[in-house]
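An overview of the molecular structure
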Amino acid sequence: MLNRILMGVAALSLMATALPAPAQAADAAAALSACVTCHDISPANKQLVGPGLHGLAGKKPVSAGISFAKWDAKSLDTWLKDPSKVKPGTMMAYSVGNPKKRAEIVKAVLSLK
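This section reports on the structure supplied with the text.

Rules used in this analysis
- In this numbering scheme, every chain counts its residues from 1 along its sequence in written order.
- Since the coordinates come from a predicted model, pLDDT governs what is reported: local features require at least 70, and pairs of side-chain atoms require 80 or more to be given and counted, while whole-chain, interface and lining totals use all residues.
- Values reported for side chains reflect all heavy atoms of the structure, with hydrogen atoms and water molecules removed beforehand.
- Relative accessible area decides the class of each residue, using a 1.4 Å probe on protein chains only: under 20% of the type maximum gives buried, over 50% gives exposed, and in between gives partly exposed.
- A run of DSSP states H or I qualifies as a helix once it reaches four residues; a run of E qualifies as a strand once it reaches two. Both are numbered from the N-terminal end.
- Read the arc as the range of directions from the helix axis to the C-beta atoms.
- Contact criterion: two residues are considered in contact whenever any of their non-hydrogen atoms come within 4.5 Å of each other.
- By the criterion applied in these results, polar contacts are pairs of N or O atoms within 3.5 Å in which, for protein atoms, one can donate a hydrogen and the other can accept it, and in which residues neighboring in sequence qualify only through two side-chain atoms.
- Note that patches include only residues with greater than 30% relative accessible area and no salt bridge, and the join distances are 9 Å for like charges and 5 Å for nonpolar side chains (Val, Leu, Ile, Met, Phe, Trp, Tyr).
- Calculation of accessible area relied on Shrake-Rupley with a 1.4 Å probe; when residues are assessed, cover is drawn exclusively from the protein chains displayed.
- For this document, the term salt bridge refers to a Lys or Arg side-chain nitrogen within 4 Å of an Asp or Glu carboxyl oxygen.
- Method remark: on a 1 Å grid restricted to protein atoms, a set of points is classed as a cavity if a 1.4 Å probe fits but cannot get out and as a pocket if it is open with protein on both sides within 12 Å along at least five of seven lines; lining residues have an atom within 4 Å of a point.
- Grid points are joined across faces, edges and corners, and a volume is the space filled by probe spheres set on the points.
- Each residue gets one label: Ala, Val, Leu, Ile, Met, Phe, Trp, Tyr, Cys and Pro are nonpolar, Asp, Glu, Lys and Arg are charged, and the others, such as Gly, are polar.
- Any two rings among Phe, Tyr and Trp, with Trp reduced to its six-membered ring, count as a pair given centres within 6.5 Å; such a pair is stacked if its planes are under 30 degrees apart, edge-to-face if over 60, and tilted if neither.

**Looking at helix H3 (residues 73-81)**
Within H3, the full set of buried residues consists of Ser75, Leu76, Trp79 and Leu80. Along the long axis of H3, the arc covered by the buried residues comes to 125°, so they all point the same way. Along H3, exposed side chains directed more than 90 degrees from the buried face belong to Lys74 and Lys81. Against the buried residues of H3 lie helix H4 (83-86) and helix H5 (99-111). The N-capping residue of H3, defined by a side-chain oxygen 3.2 Å from the backbone nitrogen of Lys74, is Asp72.

Laid out in structure tokens, this is it:
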């Protein structure tokens, strides 16, 4: 009986961590709901007010004045916390003060591959 319970708990925990692709996409879209006003998150990666975010992870920032070597979790977190501190005069006026919300957005951007 104990083995069945443990197997059930293990199965549930695996299901919770391995979301199917549609669920991951829905989570990313929800986290990026404020971002899509200015950024394309589709594979088309269209330039809107800001650059497209699809495939951003690992790329070097192309905007002059941003000194990050590449877009990764740390650089995205720093950018989202205070874009104007990273690049004075940036058009991005939106900042994310809440660390939990920032982490959700960073995770979502990194998932756009």
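**As for a nonpolar patch on the surface**
A contiguous nonpolar surface patch, about 330 Å² in accessible area, is contributed by Leu48, Val49 and Met91. The class of Met91 is exposed, set by a relative accessible area of 70%.

**Side note on the layout of surface pockets**
With a probe scaled to a water molecule rolled over the atoms, the places where space remains empty come into view. When its volume is computed, the largest pocket comes out at roughly 810 Å³. Considering the residues around the largest pocket, the lining is formed by 34 residues, among which His39, Gly50, Pro51, Trp79 and Met92 are closest to the centre. Of all elements in the fold, only H3 and H5 reach the threshold of two or more residues within the lining of the largest pocket. Sort the elements by how many residues they give to the lining of the largest pocket and H3 lands first, with 3 residues. Among the residues making up the lining of the largest pocket, the classes are represented as 20 nonpolar, 11 polar and 3 charged.

**Here we look at the environment of Ala69**
Looking at the secondary structure, you find Ala69 in the loop between helix H2 (21-31) and H3. Accessibility expressed as a relative area gives 64% for Ala69, which makes it exposed. With 11 residues separating them along the chain, Ala69 and Gly58 place their C-alpha atoms 8.8 Å apart.

**Observations concerning unusual backbone geometry**
Backbone geometry places Asn45, a non-glycine residue, at a positive phi of 55°. Note that Asn45 resides in the loop between H2 and H3.

**What to know about the packing of aromatic side chains**
Overall, the coordinates contain 2 aromatic pairs when judged by the stated rule. On the numbers, 6.1 Å between centres and 75° between planes, the contact of Trp71 with Trp79 is edge-to-face. Side by side, Trp71 and Trp79 carry an identical accessibility label, which is buried. Grouped by ring-pair contacts, the aromatic residues Phe68, Trp71 and Trp79 constitute a single cluster.

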